[in-house]
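# Examining the three-dimensional arrangement
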Amino acid sequence: MMESLALNLQLPSVKQTVVEFTDVSNNYWGYQAIQTTSCGGFLSRYPNKTFKPE
């Protein structure tokens, strides 16, 4: 879906397949959305590799 959105909006394609966050486990309810937006370059992590979702 992100690639389709990127094509329609002429955004750059997905940069990475996984962005590691030390405070977001893969069973966290928002994990997939965080990964999708992070890999697409819309979000970034803090310098200490955290996302701070809560």
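Rules of the game
Residues numbered from 1 in each chain as written. Predicted model: local features only at pLDDT ≥ 70, side-chain atom pairs only at ≥ 80, totals over all residues. Heavy atoms only, no water. Helix = DSSP H or I, 4+ residues; strand = E, 2+ residues; numbered from the N terminus. Buried < 20%, exposed > 50% of the residue type's maximum accessible area, 1.4 Å probe, protein only. Polar contact = N/O pair within 3.5 Å; in protein donor to acceptor, adjacent residues only side chain to side chain. Contact = heavy atoms within 4.5 Å.

## Points about the side chain of Thr 50
Position of Thr 50 among the secondary structure elements: in the segment after helix 2 (31-39). Residue Thr 50 is classed as buried on the basis of its relative accessible area of 11%. A polar contact of 2.6 Å, which involves the side chain of Thr 50, links it to the side chain of Asn 48. If we ignore the near neighbours within four places in the chain, the residues touching Thr 50 are Phe 21, Thr 22, Asp 23 and Arg 45.

## Details of the side chain of Gln 35
Tracing the backbone through its elements, the reader meets Gln 35 in helix 2. Every residue in contact with Gln 35, bar those within four places of it in the chain, is listed here: Thr 17, Val 18, Val 19 and Phe 21.

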